[in-house]
Amino acid sequence: MAKLTIAELKQRKGPGSLVMLTAYDYPTAKLAAEAGVDVLLVGDSLGMVVLGYDSTVPVTLEEMLHHTSAARRGAPDVHLVSDLPYLADATPERALAAAERLIKEGGADSVKLEGPKLAVVRALVEAGVPVLGHVGLTPQTASSLGGYKVQGRSPAAAKKLLEDALALEDAGAWGVVLEMVPRQLAALVTEQLGVPTIGIGAGAATDGQVLVFHDLVGVFDRFKPKFVRRYLEGGALIREAIEAYAADVRAGAFPEVGHAYEMDEEALEGLYGKGEA
Ligand code: KIV
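Computed from a predicted model, the values in this text were never measured in an experiment. (Residues numbered from 1 in each chain as written. Predicted model: local features only at pLDDT ≥ 70, side-chain atom pairs only at ≥ 80, totals over all residues. Heavy atoms only, no water.)

## Description of the overall build of the protein
- Each helix and strand in the protein was counted, giving eleven helices and eight strands.
- Scored against the burial criterion, the 277 residues of the protein give a buried share of 45%.
- Once local pairs closer than 6 in sequence are excluded, the contacts in the protein between residues at least 24 apart make up 59%.
- Accessible surface computed for the protein: about 14,100 Å², of which carbon and sulfur atoms make up 57%. (Helix = DSSP H or I, 4+ residues; strand = E, 2+ residues; numbered from the N terminus. Buried < 20%, exposed > 50% of the residue type's maximum accessible area, 1.4 Å probe, protein only. Contact = heavy atoms within 4.5 Å. Areas by Shrake-Rupley, 256 points an atom, 1.4 Å probe, with all protein chains shown as cover.)

## Quick word on the site of the ligand
- Near the ligand you find T22, L41, G43, D44, S45, D83, K112, H134, V177, E179, I200 and V212, and these make up its full shell.
- Note that an oxygen atom of the ligand is positioned 2.8 Å from one of the side-chain N or O atoms of K112.
- For the ligand, the protein covers 96% of the area, taking 260 Å² as the surface of the free molecule.
- When its residues are assigned to classes, the shell around the ligand shows four nonpolar, four polar and four charged. (Near = heavy atom within 4 Å. Polar contact = N/O pair within 3.5 Å; in protein donor to acceptor, adjacent residues only side chain to side chain. Nonpolar A, V, L, I, M, F, W, Y, C, P; charged D, E, K, R; others polar.)

## A short note on the sheet that holds strand β2 (residues 39-42)
- The parallel closed barrel is built from eight strands, whose spatial order is β1-β2-β3-β4-β5-β6-β7-β8. Adjacent strand axes in the sheet meet at a mean angle of 25° when their direction is disregarded.
- One ladder, built from four bridges, connects strand β1 (residues 18-22) with strand β8 (residues 208-211); its direction is parallel. Across the sheet, L18 pairs through a bridge with G208, a residue of β8. (Pairing = 2+ DSSP bridges. Axes fitted to C-alpha atoms, helices over the stretch in contact; angles between N-to-C directions.)

## Re a nonpolar patch on the surface
- Taken together, the side chains of V219, I238, I242, Y245, V249 and F254 make up a nonpolar region of the molecular surface, amounting to roughly 530 Å² of accessible area.
- The residue V249 is located in helix α10 (residues 234-251) in this model. (Patch = residues over 30% accessible without salt bridge, like charges linked within 9 Å, V, L, I, M, F, W, Y side chains within 5 Å. Salt bridge = Lys/Arg side-chain N within 4 Å of Asp/Glu carboxyl O.)

## Brief notes about the nonpolar core
- L40, L84, V111, L124, L178 and V189 are the most contacted members of the largest nonpolar core, which totals 53 residues.
- Sort the elements by how many residues they give to this core and helix α7 (residues 155-171) lands first, with six residues.
- When residues no more than four places from it in sequence are discounted, the contact partners of V111 are V81, S82, L84, A99, L102, L124, V129, P130, V131 and L132.
- Within the second largest apolar cluster, 13 residues are counted, among which are L18, M20, W174 and V177. (Core = buried A, V, L, I, M, F, W, Y, C linked by side-chain atoms within 4.5 Å.)

## Some words on the packing of α7 against helix α8 (residues 183-192)
- Running from N to C, α7 and α8 point in directions that differ by 30°, and their axes come no closer than 10 Å. The angle between α7 and α8 places the two elements in the roughly parallel class. The way α7 lies across α8 gives a crossing that is right-handed. Residues A158, L161, L162, A165 and L166 of α7 form the contact with α8, whose own contacting residues are L185, L188, V189 and Q192.
- Grouping the amino acids of the contact of α7 with α8 by side-chain chemistry returns eight nonpolar, one polar and no charged. (Parallel < 35°, antiparallel > 145°, perpendicular 65-115°, else oblique. Left-handed = near helix turned anticlockwise from the far one by under 90°.)

## Concerning the environment of G208
- By the element assignment, G208 lies in strand β8.
- Take G208: its relative accessible area is 1%, and that puts it in the buried class.
- Separated by 161 residues in the primary sequence, G208 and G47 place their C-alpha atoms 24 Å from one another.
- Those residues within four positions of G208 in sequence are excluded, and the remaining contacts are L18, T197, I198 and G199.

## Looking at α7
- Along its 17 residues, α7 runs 24 Å from first to last C-alpha, staying within 8% of the 24 Å computed at 1.5 Å per residue.
- Looking at the buried positions of α7, the neighbouring elements they touch are α6 (118-126), β5 (131-136), β6 (175-179) and α8.
- Remark: G172 follows α7 within two positions and exhibits a positive phi of approximately 115°. (Expected span 1.5 Å × (residues − 1).)

## Digging into unusual backbone geometry
- A cis geometry characterises the amide bond from F254 onward to P255, with omega recorded as 5°.
- Although it is not a glycine, L87 adopts a positive phi angle of roughly 70°.
- Note that L87 resides in the loop between β3 (79-83) and α5 (92-104).
- The backbone of M180 shows a phi angle near 50°, a positive value even though the residue is not glycine.
- Of the residues examined, M180 reaches a relative accessible area of 14% and is grouped as buried.

Everything listed here is a matter of coordinates, which is why it stays silent on function.
This is how it looks when you write it as structure tokens:
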């Protein structure tokens, strides 16, 4: 499958038109590419599901670069979006510098940034950097939004969210992620936007869906949002496999002869002397 271009991505309108998944390393990106995922996201959720931080705020540009380039090596032919980490998008200058590194060194195709930072989006798009917007629950500023809560529930908040999404499209974003938004509002935004919406906890009417890989395979157990469907209880399976390995080592059942390398007779005689081996 050839990598989707921005023009092709912009045409992915209609529910189920875009499948996006996070990936932060070579094997996950490779498996997701083999499974036919349309777009991979090196999200700054990296900080929570891989690096063990309490939020996405501590994630650095160097960490994003490290993981973006690993994911790129696993999926050279899939459109790869990389998140601008906290405050890397505080000004157009900072965002341009960070995007340059994520694209040149990390191999990203697009960058994603949170919130309606329109001047930043415009500067990136004018410089030729494809941008994916993100509204609703924006984890980098979750504390000022009252925690990990559904956004846009009141008429005023819903109108503001719709305006922000439209403004992001107007500023040149090729799509907009809607995170933790009531499904009726997500449907309205999707209908009003000419570019695709990609939902996470935003119902079934968005044009695309995105999930965090570690939620999908059940290896992140600090909390499980209502919108997650686990397709695998991977945490339990991996723990059982490690327990079985430890039990085998302790019982002398692993490694077996078949797992070991042989020295030939002649070499053994040279080592021990004839007749002694
Ligand atoms: O960081 C991330 O993984 C994200 C998705 C939840 C959209 O921003």
